[in-house]
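Report on the structure
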Amino acid sequence: MRKKQSKIVIDRQFLKAFALGFIKAFILLLLFYKSLAFSSVLAVVYGIINIKVYKKKQLEDWRWQMNLEFREVMTAVSAALNAGYSVENSFKEAREDLMLLYGSNSVMVKELDKINSQITLNRPLEIVLMEFAQYCQVEDISNFAEVFHTAKRTGGNLIETARSTADKISAKIETSREIRTMVAGKKMEGRIMAYIPLGIIVYFWVSSPGFLDCLYVPGGRLFMTILLVVYLAAFKWSERIGGISV
């Protein structure tokens, strides 16, 4: 039953992504071409493409949240090791601490359940963490898994490894947050500027009906196509400028 409900939720999310992509593309194409049929067909194509964009965005958000919660896991593991727990039991304690912070819907709690179940089956923790790192594809987690694997095999200081990892992730997250805050305003300005040309077209449609009709004949549509390409290129460029990653 839970799997069916989860599938329904995912399908609804993809349907929402398709609908948003369709509406945006339809409005844009209608303004540039003033053709319901042409706009509808291309809007369907973009709606499908937008599902892939949505999946990519969801994956980025998931990895960001995973990194946030993994920092807390490292802090909890370090505290448990200091309290005398074994490294395997420290991950079980970290799971309980994470439950208090993020609740049962935490992405990392679910992963810790899998890790702890593997530990219960007497699988080496360093191997389990390496597999987890390969699965989540988060740089900080991969780095920790490699360092932990080496420290576990060579008798390194696991407490210092966990503490150092938590500190480095915290510094990186704070830097990323500062950058996101700084570029958020510029992104908003870029989106407003992107809407201005569309607003001008709507203004002429409403205030001066027929004024732009010369742009919706075969020769004019060629000119509008060129303008649309320039508009989309400028919009994409502004998005890439604001897409700073740490």
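Scroll up a little and you will see the structure.
Below, the structure is looked at part by part. (Residues numbered from 1 in each chain as written. Predicted model: local features only at pLDDT ≥ 70, side-chain atom pairs only at ≥ 80, totals over all residues. Heavy atoms only, no water.)

1. Quick word on the pattern of salt bridges
One pass over the full model with this rule turns up seven salt bridges. For arginine 95, the salt bridge goes to aspartate 113, with nearest N and O atoms at 2.8 Å. Separated by 18 residues along the polypeptide, arginine 95 in helix H3 (residues 87–102) and aspartate 113 in helix H4 (residues 107–120) bring together distant segments of the chain. Overall, aspartate 113 belongs to the partly exposed group, its relative accessible area being 36%. Measuring nitrogen to oxygen at the nearest pair gives 2.7 Å for the salt bridge that ties glutamate 131 to arginine 123. Since its relative accessible area comes to 37%, glutamate 131 is described here as partly exposed. (Salt bridge = Lys/Arg side-chain N within 4 Å of Asp/Glu carboxyl O. Helix = DSSP H or I, 4+ residues; strand = E, 2+ residues; numbered from the N terminus. Buried < 20%, exposed > 50% of the residue type's maximum accessible area, 1.4 Å probe, protein only.)

2. So, the nonpolar core
Among the nonpolar cores identified, the biggest contains 36 residues, and Val73, Met74 and Phe91 are the most heavily contacted of them. Counting residues per element, this core draws most heavily on helix H2 (residues 36–82), which supplies nine residues. Every residue in contact with methionine 74, bar those within four places of it in the chain, is listed here: Phe91, Phe144, Ala162, Thr165 and Ala166. Ranked by size, the runner-up nonpolar core spans 14 residues in total, among them Leu28, Tyr33, Leu198 and Leu228. (Core = buried A, V, L, I, M, F, W, Y, C linked by side-chain atoms within 4.5 Å. Contact = heavy atoms within 4.5 Å.)

3. Focus on H4
The terminal C-alpha atoms of H4, which comprises 14 residues, lie 21 Å apart, in line with the 20 Å expected from a rise of 1.5 Å per residue. Three or more residues of H4 are buried, namely Val107, Met108, Val109, Glu111, Leu112, Ile115, Asn116 and Ile119. For H4, the secondary structure elements touched by its buried residues are H2, H3 and helix H5 (125–136). The opening residue of H4 is serine 106, an N-cap whose side-chain oxygen sits 3.2 Å from the backbone nitrogen of methionine 108. (Expected span 1.5 Å × (residues − 1). Polar contact = N/O pair within 3.5 Å; in protein donor to acceptor, adjacent residues only side chain to side chain.)

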